[in-house]
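Single-letter residue listing:
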Amino acid sequence: MTDLLSVRDLEVNYHTERGVVRALDGVSLAIGQGEVVGLVGESGCGKSTLARAILGVLPAPASEVVTGTILFAGQNLLDLSSVEVGRRIRSRRIAFIPQDPFGSLNPLFTIGQQMTDLMQWKSPVAPDKPGRGWPTLLAPYPAQRKAQDRQAILDMLESVQIPEPAQVLSKLPHELSGGQRQRIVIAMALLPQPELIIADEPTTALDVTIQAQILRLLHREVKRRGVSVLFTTHDLGTAWEICDRVVVMYAGQEVEVAPNEAFFAAPRHPYTAKLLQSLPRADGVAQDIPGEIPSLIAPPAGCRFNPRCEHASAPCRTTRPPTVGGDHKVRCYHPVAQPLAQLRWGGAPSYGAEGS
Ligand code: ADP
Ligand code: MG
């Protein structure tokens, strides 16, 4: 599979009054064409930072990309200016679905206005630089395109199962339910026909029953269109349900990358094994991982999990382990080899394993 996105050795810091937060410490990951990759990790491990770095929306001036590359379709996005990324990449070739749909919907404009506005600037045929067809005050939106785009919007609302699409277009965001708003945001992500969607915990803010519907919908629509997805979640059950491949992060470092089945059959990093053990089992018993997530202002040297790891040895405390393994990669000097059965994981995803 050719990689659509390849992040290599990405290091991102935030400068704060308390000190420098070393949020990403040389993170690498790749996403193939049409692949759904789950970026899994506990809150604060750097998932949103990675998502924002790819989208070119890290907060300025607090954040700093220290080193690394973000190759998208062969081009290093970090070489482009923010104007170029805004015009040519973001919302057009790489779309975003945030955790809170209010974050990407303007409360003051109707859904129809916002979707039309999106298509005016980001539809697959909209120009991505000033020139012919570029909207001006006198010719903001060629009439023929406007009619086509309206039809595309209505068709997309049908795909994401919005009942009575024409009525919904005249509504304001707060007039819709949380689930409907997230369907609208998914529709807006898909409309420009992006190659990649970054979905940052897209269902965390929703009721559990709605979460399952939205996940199934998103999965079906991206698979139908062959769109690649980077899906961040703190929930292993969600990753298990919808991801082709899983990337696990701990405290700003990726520690394990594996195809879904291989990962959940036998996790190889001591942290990941503990994480699976820490899920509630069928008998309701959960085993916490001893110790605490480190501060990212003064993180441990080497593997950041080493202070909590029962396998840690001298090199773990000084030098970050290299990546070992083929399809199932792990960054660890002492990978474990425990099949899932030994972990006694209840296999309990956050919602039932119904098909889509
Ligand atoms: P996640 O999405 O996995 O919860 P984040 O990427 O949001 O993690 O955060 C990673 C680390 O960076 C955390 O320690 C967080 O406190 C810190 N961080 C995130 N955003 C900022 C910011 N704007 N300024 C300073 N620190 C930040
Ligand atoms: Mg986050």
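Being a predicted model, the structure only gives us computed values, none of them experimental. (Residues numbered from 1 in each chain as written. Chains lettered and ligands numbered in written order. Predicted model: local features only at pLDDT ≥ 70, side-chain atom pairs only at ≥ 80, totals over all residues. Heavy atoms only, no water.)

**Looking at the overall build of the chain**
Short version of the rule: Working definition: helices are DSSP H or I runs of at least four residues, strands are E runs of at least two. Numbering for both runs from the N terminus. As defined in this context, the radius of gyration uses C-alpha atoms, and a globule is described by 2.2 Å times the residue total to the power 0.38. Each residue is assigned to one of three classes by its accessible area relative to the maximum for its type, calculated with a 1.4 Å probe on protein chains only: buried under 20%, partly exposed between the two thresholds, exposed over 50%.
Tallying secondary structure elements over the chain gives eleven helices and twelve strands in all. Against the compact-globule benchmark of 21 Å for 356 residues, the chain has a radius of gyration of 21 Å, which places it among compact chains. C-alpha extents for the chain along the principal axes are approximately 70 × 45 × 40 Å. Going through the 356 residues of the chain one by one, you find that 50% of them count as buried.

**Section: the nonpolar core**
Cut-off, in case you're wondering: Take the buried residues of types Ala, Val, Leu, Ile, Met, Phe, Trp, Tyr and Cys, join any two whose side-chain atoms come within 4.5 Å, and each joined set is a nonpolar core. Domain delimitation in this document rests on an assignment produced automatically or drawn from a domain database. Throughout, a residue-residue contact means that at least one pair of heavy atoms, one from each residue, lies within 4.5 Å.
Among the nonpolar cores identified, the biggest contains 95 residues, and Leu50, Ile54, Ile94, Met115, Ile184 and Ile197 are the most heavily contacted of them. Among the elements that make up this core, the one with the highest residue count is helix H6 (residues 178-190) (seven residues). Both domains that meet at this core, namely domain 1 (3-247) and domain 2 (251-355), each give it at least three residues. Ignoring sequence-local partners within four residues, the contact set of Ile197 consists of Ala95, Ile97, Ala189, Leu190, Val222, Val227, Ser228, Val229 and Leu230.

**A word on the confidence of the model for the chain**
Threshold: The quantity called pLDDT is the predictor's confidence in a given residue, expressed from 0 to 100.
Across the chain, the average pLDDT comes to 91, with 93% of residues at 70 or higher. Overall, residues 342-356 carries pLDDT values under 50, and its contacts beyond four positions in sequence, including any with other chains, amount to 33 contacts.

**A few points about the site of ligand 1**
Condition: Here a residue is near a molecule or strand as soon as one of its heavy atoms is found within 4 Å of it. Nitrogen and oxygen atoms within 3.5 Å of one another constitute a polar contact, given that in protein one can donate a hydrogen and the other can accept it, and given that sequence-neighbouring residues count only through two side-chain atoms. Only the protein chains shown count as cover for residues, and all accessible areas are computed by the Shrake-Rupley method using a 1.4 Å probe.
Near ligand 1, the surroundings consist of 14 residues, among which Gly44, Gly46, Lys47, Ser48 and Thr49 are the closest. Within the contact set of ligand 1, an oxygen atom lies 2.6 Å away from a backbone nitrogen or oxygen of Gly44. In the environment of ligand 1, an oxygen atom lies 3.1 Å from a nitrogen or oxygen atom belonging to the backbone of Gly46. For ligand 1, the accessible surface in isolation is 560 Å², of which the surrounding protein chains cover 70%.

**Concerning the pairing of strand E8 (residues 228-233)**
What counts, and what does not: For two strands to pair, DSSP has to find at least two bridges joining them.
In terms of residue burial, E8 counts as a mostly covered element, since six of its six residues are buried. Both strand E3 (residues 36-40) and E8 contribute to a ladder of five bridges, which runs parallel. Within E8, the residue paired with Val40 across the bridge is Thr233. Here five bridges tie strand E7 (residues 196-200) to E8, and the two strands are oriented parallel to one another.

**With respect to the domain arrangement of the chain**
Note the cut-off: As a working definition, buried area equals the accessible area (1.4 Å probe) given up by two parts on being put together, with both sides summed. Salt bridge, as used here: a side-chain nitrogen of Lys or Arg that lies within 4 Å of a carboxyl oxygen of Asp or Glu.
Here the chain is partitioned into domain 1 (3-247) and domain 2 (251-355). For domain 1 versus domain 2, the distance between C-alpha centres works out to 28 Å. In this assembly, 33 residues from domain 1 lie in contact with 30 residues from domain 2. Counting the surface lost from both domain 1 and domain 2, the interface buries some 2,700 Å², and carbon and sulfur atoms represent 57% of this. In this structure, the connection of domain 1 to domain 2 is made through one salt bridge. Arg304 is the partner of Asp25 in a salt bridge, and the nearest nitrogen-oxygen pair spans 3.9 Å. Taken together, domain 1 and domain 2 are joined by twelve residue pairs in polar contact (both at pLDDT 80 or more).

**Concerning the sheet that holds strand E11 (residues 323-324)**
To keep it simple, the criterion reads: To define axes, lines are fitted to C-alpha atoms, for helices over the stretch in contact only, and angles between the resulting N-to-C directions are given on a 0 to 180 degree scale.
Strand order across the open sheet formed by eight strands is E6-E7-E8-E3-E9-E10-E12-E11, with mixed pairing between neighbours. Of all the strands in the sheet, just strand E6 (94-97) and E11 have a single pairing partner and so form its edges. With four bridges joining them, E3 and strand E9 (residues 245-250) adopt parallel strand pairing. Paired with Leu39 across the bridge in E9 is Val247. Sheet strands touched by helix H7 (residues 208-225): E3, E6, E7 and E8. Its angle to E8, the strand with the most contacts, is close to 160 degrees.

**Notes on the pairing of E7**
Of all five residues that make up E7, five are buried, and the element is covered over most of its length. By the alternation rule, side chains of E7 split into Leu196, Ile198 and Asp200 and Ile197 and Ala199, which are all buried. When E6 meets E7, the two strands line up parallel, connected through four bridges. Residue pairing in the sheet places Ile94 in a bridge with Leu196 of E7.

**Considerations on the environment of Thr49**
Mapped onto the elements, Thr49 comes out in helix H1 (residues 47-55). Along the chain, Thr49 and Leu24 lie 25 residues apart, while their C-alpha atoms are 7.6 Å from each other. Not counting the four nearest positions on each side in its chain, Thr49 is found in contact with Val12, Tyr14, Ala23, Leu24 and Leu58.

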